[in-house]
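Spelled out, the chains give:
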Amino acid sequence: MKRILIALFLTVPLLASAQIKSGPMLGYSEMKEVLVWVQTEKPADVSIQYWEKGDKTIHKTDPVHTEKTTAFIARIIADEVTMGKKYAYEVLVNGKKMAFDYPLEFQTQELWQYRKDPPAFSFLFGTCNYVNEEATDRPGRPYGGADEVYAAMYAKKPDFMLWGGDNFYYREPDYTRTGMIHRNDHARAVKSMQPLLGSVHQYAIWDDHDYGPNDADRSFPMKYTSLEMFKMYWGNPNFAFPNEGITGKFQWADVEFFLLDDRWNKAPNELNDPNKDYWGAKQMTWLLDQLSTSRASFKIIVNGGQVVSPAKVFENMANYEAERTYLLKELKNRKIPGVLFFTGDRHISDLNKLEREGTYPLYDLTVSPMTAGKADAVKQDYNETLVPGTLVQERAFSKIEVTGPLKDRTLTITLFNVKGDVLWTKELKSNLLK
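Analysis parameters
Every chain's residues receive numbers from 1 upward, in the order its sequence appears when written. Residues qualify for local features only when their pLDDT is at least 70, as the model is predicted, and side-chain atom pairs are given and counted only at 80 or more; totals for whole chains, interfaces and linings, by contrast, use all residues. Hydrogens are left out, water is left out, and the side-chain values use all remaining heavy atoms of the structure. By nonpolar core is meant a set of buried Ala, Val, Leu, Ile, Met, Phe, Trp, Tyr and Cys residues that side-chain atoms within 4.5 Å join together. Think of it in three bands: with a 1.4 Å probe and only protein chains considered, a residue is buried below 20% of the maximum accessible area for its type, exposed above 50%, and partly exposed in between. Should any heavy atoms of two residues lie within 4.5 Å, those residues are considered in contact. Any Phe, Tyr or Trp ring, taking Trp's six-membered ring, that has another such ring centre within 6.5 Å forms a pair; planes under 30 degrees apart are called stacked, those over 60 apart edge-to-face, and the others tilted. Numbered from the N terminus, helices here are DSSP runs of H or I no shorter than four residues, and strands are runs of E no shorter than two. By this definition, two strands are paired if DSSP reports at least two bridges between them. Angles shown run from 0 to 180 degrees and are taken between the N-to-C directions of axes, each axis being a line fitted to C-alpha atoms and, for helices, limited to the stretch in contact. In this scheme, a crossing is called left-handed if the near helix is turned counterclockwise away from the far one by less than a right angle; it is called right-handed if the turn is clockwise. Under the convention adopted here, Pro, Cys and the residues Ala, Val, Leu, Ile, Met, Phe, Trp and Tyr are nonpolar, Asp, Glu, Lys and Arg are charged, and Gly plus all remaining residues are polar.

Chemist: What is the right way to look at the nonpolar core in this model?
Modeler: F257, W279, I300 and L327 are the most contacted members of the largest nonpolar core, which totals 101 residues. Leave out the neighbours within four places in its chain, and I300 touches F123, V255, E256, F257, F258, L340, F342 and L411. With 21 residues, the next largest nonpolar core counts V36, I48, I76 and L104 among its residues.

Chemist: Help me understand the packing of aromatic side chains in this model?
Modeler: Each aromatic ring pair is summarised here by two numbers: the centre-to-centre distance and the angle between the ring planes. If you walk through the whole model with that rule in mind, you get 35 aromatic pairs. Here the aromatic rings of W163 and W234 are separated by 5.6 Å at their centres, their planes lie at 55°, and the arrangement is tilted. Residue W163 is found in strand β11 (residues 160-164), and its partner W234 is found in the loop between α5 (223-233) and β13 (248-252); the two are separated by 71 residues along the sequence. The class of W163 is buried, set by a relative accessible area of 2%. Centroid distance Y203 to F250: 3.7 Å. Interplanar angle 5°. Geometry classified as stacked.

Chemist: So what exactly am I meant to see when it comes to the environment of T82 here?
Modeler: Topologically, T82 is positioned in the loop between β6 (73-78) and β7 (86-93). Given a relative accessible area of 40%, T82 falls into the partly exposed group. Sequence separation between T82 and M31 is 51 residues, and the spatial gap between their C-alpha atoms is 7.1 Å. Setting aside residues no more than four positions away along its own chain, T82 makes contact with M31, Y87 and T108.

Chemist: How do you make sense of the sheet that holds strand β14 (residues 255-259) when you look at a structure like this?
Modeler: Read from one edge of the open sheet, six strands run β13-β14-β15-β16-β18-β17, paired in mixed fashion. This sheet does not close on itself; its edge strands, each paired only once, are β13 and β17 (350-354). Between one strand axis and the next, the sheet turns by 20° as a mean value, whatever way the strands run. Judged from the five bridges that link them, β17 and strand β18 (residues 362-366) form a sheet pairing that is antiparallel. By the bridge assignment for β18, L354 is matched with L362. Relative to the sheet, helix α6 (residues 281-293) contacts β13, β14 and β15 (298-303), its axis offset from that of β14 by approximately 175°. Where helix α7 (residues 321-333) meets the sheet, its contacts fall on β16 (339-343), β17 and β18, and the angle it forms with β16 comes to roughly 150°.

Chemist: How do you make sense of the packing of helix α3 (residues 177-188) against α5 when you look at a structure like this?
Modeler: At a minimum axis distance of 10 Å, the contact between α3 and α5 shows a crossing angle of 35°. Handedness of the α3/α5 crossing: right-handed. Contacts from R177, M180, I181, N184, D185 and R188 of α3 reach α5 at T225, S226, E228, M229, M232 and Y233. Of the residues assigned to the contact of α3 with α5, the class counts are five nonpolar, three polar and four charged.

Chemist: Hey, could you run me through unusual backbone geometry in this one?
Modeler: The phi torsion of most residues other than glycine is negative, and most of the peptide bonds are trans. A cis amide bond links G23 to the next residue, P24, at an omega of 5°. Its location among the elements puts P24 in strand β1 (residues 20-29). Its identity as a non-glycine residue notwithstanding, A146 has a phi of 60°, on the positive side. Here A146 lies in the loop between β10 (121-126) and α2 (149-155). Relative accessible area serves as the criterion here: at 14%, A146 is assigned to the buried category.

Chemist: Before we go on, may I ask you to explain the pairing of strand β2 (residues 34-40) in this structure?
Modeler: Residues in a regular strand point their side chains to alternate faces of the sheet. With seven of its seven residues buried, β2 lies for the most part within the structure. Residues V34, V36, V38 and T40 of β2 are buried on one face, and the alternating residues L35, W37 and Q39, pointing to the opposite face, are buried as well. In terms of strand pairing, β1 meets β2 through five bridges, oriented antiparallel. In the strand pairing of β2, S29 is matched with V34. Connecting β1 to the next strand, β2, in antiparallel fashion are four residues. With six bridges connecting them, β2 and β6 associate as antiparallel partners. Pairing of W37 across the sheet is with R75, part of β6.

What follows is the structure, given as structure tokens:
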């Protein structure tokens, strides 16, 4: 008994001193539940209490115990919610309310179907987020920068954010489970990012640098550990192939987002075969079937690399001729309306537009980088698909607003620099994508 009492005495101070390492971060939002993600410094019991704005009724979740084996992460489900409402929330660690100097809020999606026009909403899109760490960065000038971008993004007051890959960068020391946890921890804990995480719902895909090393493909030996990390650190609502990459889907109002994995099945760049895999047959079939049955006003395919551009540079899909040709053929043959692509990787931002005989054009919005080093466009980028005036060769992010009645929705793309100043704006109408 004496030993037990001593053990309890020693344990209580450790738990009581546990603080939040990063987050809270909002994951997915659905009509009847919301995911809240929190990471603590040490083992702790984490819960949230929340209330609808304008209502004093407080709801509490059961505590989730954080452990070292899962990086002290708590994934908390708020399931006592009403559709189409906004909530304030608080985080409790071992029963003690944590203090934050910014608001903590989340929202549930609205049931509008068969009742009225879909609500207007907005979201952010960006890629290539590099967080400097002197001990593991290459010598010389730091590759990352523009930390002010997170405040600029937060100030736009979006409903959610969509991370398009290279959301952080693994370094040479990181290719163990311990190293991967460290890299995820380091990127997620950026202080200036926390307000954005705390009240804006977050969705993500990955690309090479947050999957593995540069240009990583299906041969990467730690791909299953990468997948474990993604599921631990992000809050996507589903995975189409639970043990085969991060492919998934979500819906916000009348827009559907198809989250593609351009790494898990991808053949090496060096393989000299026009039929080599990019997404792979299984993922391609899933995507085309999902698109064929979708009734969304806009169907946004999110991918790490550019799809529409015909430039065979870097890791554009144009290097994988058979799959790209098949994709374009099936989109036309199946008469699928409203398809758009959102992509990253290139360290340039632009809008590509592919004209197609007998049907509507395909657009591909590339936004890159947010905080990683910028790059210069190459000669092949200046081709027939580049929309004049949209090529930007500096750090940037975008805000997309969807407005209007169901039968005539408008998607407005605005590209901003890291200070939040407008670089360009384009409007796309759902009636012209049929």
